[in-house]
Amino acid sequence: MANDSLKKAAKEIVKKGHVVAFTGAGVSQESGIPTFRDPGGLWDRFNPMEFGTTQGIIELANNNPQKLIDFLTDSINSIGNAPPNPAHIAIAELEKLGLLDCVITQNIDNLHQAAGSKHVIEVHGNIYAFRCTQCNETFKFTKDDFIGFLKKAIVELSSGSMERIVNTMPACKCGGKARLDVVLFGEPVHMIPESYMEIEQAKVVLIVGTSGTVYPVSEIPRYAKKSGAVIIDINPRETFYTDIDNYMLKGPAGVVLPELLVQVKAML
Ligand code: APR
């Protein structure tokens, strides 16, 4: 039975439209991809300063390749087998109904697109995308090609030869070497102007599965609040957005969002 808060949130969506979903790792948790800061999360098991920075990754490749191999194997196991879950599907459905304009995601797992979302802004990049270090051109691998690339990189990492590891990086049409197009700590995030252009138009912001702890991206929903948007926060626990939430729908996104969608459809 839908609670009062969920029904009111559904009414806001139907009445106002122009929804922007702002998502984090929690929206993919029920796909089997661990979040970062929950107990057992990625940064609980791997040091973000070692595995989330360029410097750290180069040092690992040179001095402790096995740790990097374990991290890459963990990534293949979680992302490689992860399907979009009912939360991603419900968000894509809201877009199909013409109520949601855009998803701004901090995730790199491509699951919003896999669920059918068309307008997705990936502020931290995409795990299957590569960016040329010379001409900045980007190109995408299929999931299978990407898994194949990771497995090859793991073999070369075992060789301990930095040259062979660099040679596993795909070559761009211009001849330059390409690197994974994901944003590491200390690197500039992607698509910030586009994100603010979208969030400025938002009448409702669905914050889904994010702790709201990583600046500057975490400021995006706050900007929408200042422009008068209604904030609906979906998370099993309190977040850093409690001060701006109009609605806090407590629970896993894969349960709450399908329930919210049922209420929305009943009001159309
Ligand atoms: N449904 C909804 N929310 C969930 C679920 C779930 N099933 N499971 C966990 N959560 C919530 C947690 O309560 C937490 O608030 O998801 C959030 C995950 O927070 P983080 O692990 O901090 O992930 P995120 O907010 O996406 O981190 C932002 O930090 O390290 C960087 O680049 C990384 O994009 C990431 C950024």
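Above this note sits the structure.
Residues numbered from 1 in each chain as written. Predicted model: local features only at pLDDT ≥ 70, side-chain atom pairs only at ≥ 80, totals over all residues. Heavy atoms only, no water.

**Q** Help me get a handle on the overall build of the protein chain, residues and values and all.
**A** What the protein chain contains, in helices and strands, is twelve helices and nine strands. Against the compact-globule benchmark of 18 Å for 268 residues, the protein chain has a radius of gyration of 19 Å, which places it among compact chains. Viewed in the frame of its principal axes, the protein chain has a C-alpha envelope of about 60 × 40 × 30 Å. Within the span of the protein chain, comprising 268 residues, buried residues form 50% of the whole. When the accessible surface of the protein chain is summed, it comes to about 12500 Å², and 56% of that surface belongs to carbon and sulfur atoms. The protein chain carries 26 positive and 30 negative side-chain charges, and their two centres are separated by 4 Å. (Helix = DSSP H or I, 4+ residues; strand = E, 2+ residues; numbered from the N terminus. Rg over C-alpha atoms; globule rule 2.2 N^0.38 Å. Buried < 20%, exposed > 50% of the residue type's maximum accessible area, 1.4 Å probe, protein only. Areas by Shrake-Rupley, 256 points an atom, 1.4 Å probe, with all protein chains shown as cover. Lys, Arg positive; Asp, Glu negative; His and termini not counted. Charge placed at Lys NZ, Arg CZ, Asp CG, Glu CD.)

**Q** Could you give me a rundown of the sheet that holds strand S5 (residues 138-140), with the residues and numbers involved?
**A** Here we have three strands laid out as an open sheet, ordered S5-S4-S6, and antiparallel in their pairing. For this open sheet the edge positions go to S5 and strand S6 (178-182), each flanked by a neighbour on one side alone. Averaged over all adjacent pairs, the angle separating strand axes in this sheet is 40 degrees, with direction ignored. In this structure, strand S4 (residues 125-132) lies alongside S6, joined through four bridges in antiparallel fashion. The residue of S6 that forms the bridge with Phe130 is Leu180. (Pairing = 2+ DSSP bridges. Axes fitted to C-alpha atoms, helices over the stretch in contact; angles between N-to-C directions.)

Remember, this is a structural readout, not a statement about activity or role.
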